[in-house]
Amino acid sequence: MKICVLPGDGIGPEIMAQAIRVLNALGLKLEMEEALLGGCAVDATGTPYPEATQKLAREADALLLGAVGGPQWDSLPREQRPERGLLGIRKDLGLFANLRPAILYPELANASSLKPEIVSGLDILIVRELTGDIYFGQPRGIEVREVEGTQQRVGWNTMIYAEYEIRRILKVAFEAAQKRGKKLCSVDKMNVLECTQLWRDIAIEVSRDYPDVELSHMLVDNAAMQLVRAPKQFDVMVTGNMFGDILSDEASMLTGSIGMLPSASLDANNKGMYEPSHGSAPDIAGKDLANPLATILSAAMMLRYTFNHEEAAQRVEAAVRKVLAQGFRTGDIYEPGTQKVGTRAMGDAVLAAL
Ligand code: NAD
Ligand code: IPM
Ligand code: MN
């Protein structure tokens with residue numbers, strides 16, 4: 001079981017250190033090798049996804065990522081930005097299916113920004129397409145053009161999906177729904193965007209192969225509203241890259257914090273990169289404040305999806321539930337009456353629970 005470890009930037013190394021301690025404590029034969037991705041790679045090599053990382057990434061069975069990015073790299077040319085490294089590795093490895101489960105642990109009902117009765121028992125899965133859409137569409141750019149008689153800057157991107165890209169992510173979503181509550185909500189903006197009209201048409205076509213799953217459609221603006229009005233109406237949601245990015249951050253808050261939301265980015269053969277849904281949190285980096293649980297839960301997803309080790313995955317998830325029940329909280333999920341701990345102490349607690 002070869003794992004390529006990519007700590008990245010900001011809080012990345014801090015949260016990754018805790019996930020690695022947890023993995024090492026499981027007594028499995030895991031081979032881990034570290035590589036550079038993001039701003040740290042730019043600083044060391046001039047590029048966010050260096051060749052040495054490409055090689056390790058392609059050879060590994062799975063990858064574990066902290067987070068990339070930070071203000072110090074924000075003025076670099078776009079190809080050198082840390083985020084380009086992340087998009088590059090996703091595309092390079094064909095990681096088109098991003099699974100983002102938003103589960104509310106009962107102990108965190110009060111940490112959610114919504115009333116407990118609205119979120120208690122919440123268990124939704126957002127399936128986000130990850131290698132297409134406006135993120136990768138060509139043409140794109142910024143240039144000076146003549147517009148209405150004056151020279152001005154124009155910025156543009158292209159929202160584009162090919163049929164095969166929509167079809168394969170819908171299959172993933174239908175199959176996930178089959179194993180859960182058998183309800184799939186496909187989110188689009190077909191009232192305005194042709195690209196997403198195609199998305200809806202294909203969703204309907206693919207649904208014929210999954211008669212046991214109830215397919216519904218929702219426009220993305222309504223979906224954003226419904227997620228905070230009555231989130232438990234959803235079982236599995238499937239959507240494109242951009243809408244999925246936004247809706248998954250929104251859904252994370254239902255679970256108490258973005259620091260709780262893990263994710264799996266899978267290819268067609270269950271090779272995957274496992275990454276918390278949050279970013280490098282520059283505002284709290286280096287201060288032992290970050291919540292490592294999203295990364296630890298991402299490692300659990302790795303054990304489940306790539307290594308087929310359901311028992312180890314459940315051990316890690318049970319340990320996380322236990323530390324929450326014991327009252328350990330990082331600042332993002334803290335409430336009076338619980339015990340505030342730092343990143344490392346949260347790792348200690350998970351290890352003890354294991
Ligand atoms: P962010 O997710 O990094 O932070 C948003 C807020 O959530 C901040 O207040 C932060 O402190 C908090 N937060 C995030 N993770 C946390 C954790 N584990 N524990 C406690 N609090 C946490 O989003 P941002 O501020 O918009 O972006 C910062 C940088 O991260 C940018 O450069 C962005 O491009 C990058 N980013 C990277 C990834 C990734 O690597 N997967 C994802 C999102 C953003
Ligand atoms: C995420 C992040 C990335 C995305 C950025 C950093 C490229 O926000 O993983 O959600 O938009 O996919
Ligand atoms: Mn995001």
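The model shown is predicted, which means the values in this text are computed figures rather than measured ones. (Residues numbered from 1 in each chain as written. Chains lettered and ligands numbered in written order. Predicted model: local features only at pLDDT ≥ 70, side-chain atom pairs only at ≥ 80, totals over all residues.)

**Digging into the UniProt feature "site: Important for catalysis" (unreviewed entry) in the chain**
- Under the present numbering, the feature "site: Important for catalysis" (unreviewed entry) in UniProt falls on Y135 and K189.
- On the secondary structure map, Y135 appears in the loop between strand 5 (123-129) and strand 6 (141-147).
- Contact partners of K189, with chain neighbours within four places excluded, come to T196, L219 and V220. (UniProt positions renumbered as here; feature names shortened; annotations may be inferred. Helix = DSSP H or I, 4+ residues; strand = E, 2+ residues; numbered from the N terminus. Contact = placed C-beta atoms within 7 Å.)

**Regarding unusual backbone geometry**
- P139 follows Q138 through a cis peptide bond whose omega is 0°.
- Locating P139 in the fold gives a position in the loop between strand 5 and strand 6.
- In this structure, E148 is a non-glycine residue whose phi angle is positive, near 45°.
- Looking at the element boundaries, E148 is found in the loop between strand 6 and strand 7 (150-156).
- Taking the number of C-beta atoms within 10 Å as the measure of exposure, E148 has 5 and is therefore exposed.
- Residue N308 is not a glycine yet carries a positive backbone phi of 55°. (Buried ≥ 20, exposed ≤ 12 C-beta atoms within 10 Å, placed from the backbone.)

**Looking at the sheet that holds strand 1 (residues 2-8)**
- What the 10 strands build is an open sheet, ordered 2-1-3-12-11-4-5-10-8-9; its pairing is mixed. Only two strands of the sheet have a single partner each, and these edge strands are strand 2 (31-34) and strand 9 (214-219). Ignoring which end each strand starts from, the neighbouring axes of this sheet average 25° apart.
- In the packing of helix 9 (residues 241-254) onto the sheet, contacts are made with strand 4 (97-103), strand 5, strand 8 (183-188) and strand 10 (236-239), and the angle to strand 5 comes to roughly 160°. (Pairing = 2+ DSSP bridges. Axes fitted to C-alpha atoms, helices over the stretch in contact; angles between N-to-C directions.)

**A few points about the domain arrangement of the chain**
- Here the chain is described as being made up of domain 1 (1-96 + 267-354) and domain 2 (99-260).
- Domain 1 and domain 2 are separated by 23 Å when their C-alpha centres are compared.
- On the side of domain 2, 22 residues touch domain 1, which itself brings 19 residues to the contact.
- Where the side of domain 1 that touches domain 2 is concerned, the elements lending two or more residues are helix 4 (82-92), helix 10 (293-305) and helix 11 (310-325).
- Grouping the constituent residues of the side of domain 1 that touches domain 2 by class yields 9 nonpolar, 5 polar and 5 charged. (Domains from an automatic or database assignment. Nonpolar A, V, L, I, M, F, W, Y, C, P; charged D, E, K, R; others polar.)

**Points about the site of ligand 2**
- Near ligand 2 the following residues occur: G69, E83, L86, L87, D245, S277 and G279.
- A per-element tally of the shell around ligand 2 places helix 4 first, with 3 residues.
- Here the residues of the shell around ligand 2 are counted per class, giving 2 nonpolar, 3 polar and 2 charged. (Near = placed C-beta within 6 Å.)

**Quick word on the confidence of the model for the chain**
- Per-residue pLDDT for the chain has a mean of 97; in total, 100% of the residues score no lower than 70.
- For this predicted complex, the interface score ipTM comes out at 0.98, alongside a pTM of 0.97. (pLDDT = per-residue confidence, 0-100.)

**Considerations on the UniProt feature "domain: Isopropylmalate dehydrogenase-like" (unreviewed entry) in the chain**
- When the UniProt feature table is mapped onto this chain, "domain: Isopropylmalate dehydrogenase-like" (unreviewed entry) is found at residues 2-350.
- Along residues 2-350 the backbone is 39% helical and 20% strand, and the end-to-end C-alpha distance reaches 23 Å.

**Quick look at the nonpolar core**
- Ranked by size, the top nonpolar core spans 104 residues in total, and within it L63, L64 and A299 carry the most contacts.
- For this core, the element with the most residues is helix 10, which contributes 10 residues.
- Not counting residues up to four positions away in its chain, the partners in contact with L64 are I3, V5, L6, A19, Y274, S298, A299 and M302. (Core = buried A, V, L, I, M, F, W, Y, C linked by C-beta atoms within 7 Å.)

**Re the site of ligand 1**
- Around ligand 1 there are 22 residues in total, and G69, G259, H278, G279 and N291 lie nearest to it.
- In terms of residue class, the shell around ligand 1 is made up of 11 nonpolar, 7 polar and 4 charged.

**Points about the packing of helix 1 (residues 12-24) against helix 12 (residues 343-353)**
- Where helix 1 meets helix 12, the axes come as close as 9 Å, and the angle between the chain directions of the two elements is 15°. As far as their axial angle goes, helix 12 and helix 1 are roughly parallel. Our pair here, helix 1 against helix 12, has a crossing hand that is right-handed. Touching E14, I15, Q18, R21 and V22 of helix 1 are T343, R344, M346, G347, V350 and L351, all from helix 12.
- Classifying every residue of the contact of helix 1 with helix 12 by side-chain character gives 5 nonpolar, 3 polar and 3 charged. (Parallel < 35°, antiparallel > 145°, perpendicular 65-115°, else oblique. Left-handed = near helix turned anticlockwise from the far one by under 90°.)

**Re helix 9**
- The end-to-end C-alpha distance of helix 9 is 20 Å, a good match for the 20 Å that 14 residues give at a rise of 1.5 Å each.
- Residues of helix 9 that are buried: N241, F243, G244, L247, S248, A251, S252 and L254. Looking straight down helix 9, one finds its buried side chains confined to an arc of 160°; they lie on one side.
- In this structure, the buried residues of helix 9 make contact with strand 4, helix 5 (116-119), strand 5, strand 8, helix 8 (220-229) and strand 10.
- Directly beyond the C-terminal end of helix 9, a positive phi value near 115° is found at G256. (Expected span 1.5 Å × (residues − 1). Arc of directions from axis to C-beta.)

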